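This is what each chain is made of:
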Amino acid sequence: MKRSVILWLAAFLITAATALYQRMTGPTYPLTGSVFFNEKKISFRLHRSHGGDTDHTVRLPVKDTTVHGSLIWKRYKTDDEWTIVSMRQEEGLLSAELPHQPP
């Protein structure tokens with residue numbers, strides 16, 4: 001009986017640890033970081049997946065209205081050309097839309 005409880009506990013801990021590891025390092029976890037631009041730090045969080053049938057809005061917090069940006073993207077594992085989308089400045093954010101892609 002005692003051995004059975006220990007095995008179940010070990011199985012639970014291993015499962016929980018691998019699930020946590022996958023959640024933190026898997027291909028769909030958000031990419032976070034920061035860059036310095038004009039001596040100001042810009043922090044960002046880029047999502048790597050988007051559920052639903054809508055376009056995904058990419059937002060960067062940039063309060064300086066003189067800063068302009070472009071979103072440059074292409075579909076994963078294709079020979080498509082890179083697509084360049086100008087980002088718009090609104091309410092302290094630079095934002096642009098990534099079009100919905102089929103699964």
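For the structure, check the block above.
Below is a summary of the structure that appears in this document. (Residues numbered from 1 in each chain as written. Predicted model: local features only at pLDDT ≥ 70, side-chain atom pairs only at ≥ 80, totals over all residues. Heavy atoms only, no water.)

Here we come to the nonpolar core. One recurring pattern in soluble globular proteins: nonpolar side chains tend to sit buried together. Ranked by size, the top nonpolar core spans 9 residues in total: I42, V58, V62, V67, L71, W73, M87, L94 and A96. Mapped onto this core, the elements with two or more residues apiece are β4 (70-73) and β7 (93-98). With residues near it in sequence (within four places) discarded, I42 still touches G33, S34, V35, F37, P61 and V62. (Core = buried A, V, L, I, M, F, W, Y, C linked by side-chain atoms within 4.5 Å. Buried < 20%, exposed > 50% of the residue type's maximum accessible area, 1.4 Å probe, protein only. Helix = DSSP H or I, 4+ residues; strand = E, 2+ residues; numbered from the N terminus. Contact = heavy atoms within 4.5 Å.)

Before going further, it helps to examine unusual backbone geometry. Both trends apply: most residues other than glycine have a negative phi, and most peptide bonds are in trans. In this model, N38 sits at a positive phi of 50°, which is unusual for a non-glycine residue. Even without being glycine, K77 reaches a positive phi, approximately 55°. In this structure, K77 sits in the loop between β4 and β5 (83-86).

You can see S95 is positioned in strand β7. A polar contact of 3.2 Å, which involves the side chain of S95, links it to the side chain of E90. If we ignore the near neighbours within four places in the chain, the residues touching S95 are T57, V58, R59, M87, R88 and E90. (Polar contact = N/O pair within 3.5 Å; in protein donor to acceptor, adjacent residues only side chain to side chain.)

Okay, the environment of I84 next. Mapped onto the elements, I84 comes out in strand β5. Taking the C-alpha atoms as reference points, I84 and S34, 50 residues apart in sequence, are found 22 Å from one another. Filtering out sequence-adjacent residues up to four positions away, I84 remains in contact with S70, L71 and I72.

Everything listed is a geometric property; what it means functionally is a separate question.
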